[in-house]
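Close look at the chain arrangement
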Amino acid sequence: MPRKKEFDVDLVLDKAMNAFWNRGYEATSLNDLLDCMQIQRASLYNAFGDKHTLFLDTLRRYDVVYRQTEVAKRVKMDSPRQAILGLFQDAVTAAGKHRMRKGCFLINTALELSPHDPEVAEVVRTAFTHMEHKFFRKMINKGRASGEIAKSVVPDLTARALLSLFIGLIVLSRSRPEKLLLESIAKQAEILLPPDERVAPPLAQFHHATTG
């Protein structure tokens, strides 16, 4: 009979994920992983395979636990425009509180490994495509239908632009977390989503009140 695992798989995956997230794939050694996961080498191989397979498992878990959970929460918001713009504002706020200095695990991985690792590139591509289609484009379409977002906004093009802006904001937040710089990116997102003239833009009013 196969031996029962002597550890919580999700718990040790989370520990490995944080090690990779903090250091990157190449800089995280097998000994680093064993130390942080607090399991034996044989247990790691039996449960997860090699380092690369473990890394893919942690990347997929990050996508589910962090990105997909955040998207699921935001798509339920009453205001689709605020769902999008609030994502940018929350990222700016987090950067100011030093909570974004290690960036986004998916984006970090895209920069480090995607150009030369097809398996990693596919995980990252799937996550970004989901973000573009199932969040940005979905919210734009919902906002246009309700009249909250102007009909002049082109969903496909604007969703791609918003994804690019968000990735850029997260990357910059690691090395240049200046509030004015990051807020300028968030402002570009706001410009891409002009509200219907009949609907007051709450985020724009807040921004004016705090900076004017």
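Let me begin by describing the structure that accompanies this report. Being a predicted model, the structure only gives us computed values, none of them experimental. (Residues numbered from 1 in each chain as written. Predicted model: local features only at pLDDT ≥ 70, side-chain atom pairs only at ≥ 80, totals over all residues. Heavy atoms only, no water.)

Let us now look at the packing of helix α5 (residues 80–96) against helix α8 (residues 155–175). At a closest axis distance of 10 Å, the pairing of α5 and α8 adopts a crossing angle of 5 degrees. On the basis of the axis angle, α5 is roughly parallel to α8. Between α5 and α8, the residues in contact are I84, L87, F88, A91, V92 and A95 and L162, L165, F166, L169, I170 and S173, respectively. Each residue belonging to the contact of α5 with α8 can be placed in one class, and the counts come to 11 nonpolar, one polar and no charged. (Axes fitted to C-alpha atoms, helices over the stretch in contact; angles between N-to-C directions. Helix = DSSP H or I, 4+ residues; strand = E, 2+ residues; numbered from the N terminus. Parallel < 35°, antiparallel > 145°, perpendicular 65-115°, else oblique. Contact = heavy atoms within 4.5 Å. Nonpolar A, V, L, I, M, F, W, Y, C, P; charged D, E, K, R; others polar.)

A separate point is the nonpolar core. A general feature of soluble globular proteins is that nonpolar side chains tend to end up buried together. Membership of the largest hydrophobic core comes to 60 residues, with the highest contact counts inside it found for F135 and F136. When residues of this core are assigned to their parent elements, the largest contribution, 10 residues, is made by helix α7 (residues 118–146). The residues touching F135, leaving out its near neighbours within four places in the chain, are V71, R74, V75, A83, I84, L87 and H130. (Core = buried A, V, L, I, M, F, W, Y, C linked by side-chain atoms within 4.5 Å. Buried < 20%, exposed > 50% of the residue type's maximum accessible area, 1.4 Å probe, protein only.)

The next subject is the packing of aromatic side chains. Counted under the stated rule, the structure contains 12 aromatic pairs. With 6.4 Å between their ring centres and 45 degrees between their planes, F88 and F136 make a pair best called tilted. Taken as a pair, F88 in helix α5 and F136 in helix α7 lie far apart in primary sequence, 48 residues in all. Each member of the pair, F88 as well as F136, is classed as buried. Members of the aromatic cluster, each reached through a chain of ring pairs, are F20, W21, Y25, F55, Y62, Y66 and F105. The lysine or arginine in question, K51, covers the ring of Y25, its NZ or CZ lying 4.4 Å from the ring centre. It is K102 that lies over the ring of W21; its NZ or CZ is 3.8 Å from the centre. (Phe/Tyr/Trp six-rings, centres within 6.5 Å; stacked < 30°, edge-to-face > 60°. Lys NZ or Arg CZ within 6 Å of the ring centre and 35° of its normal.)

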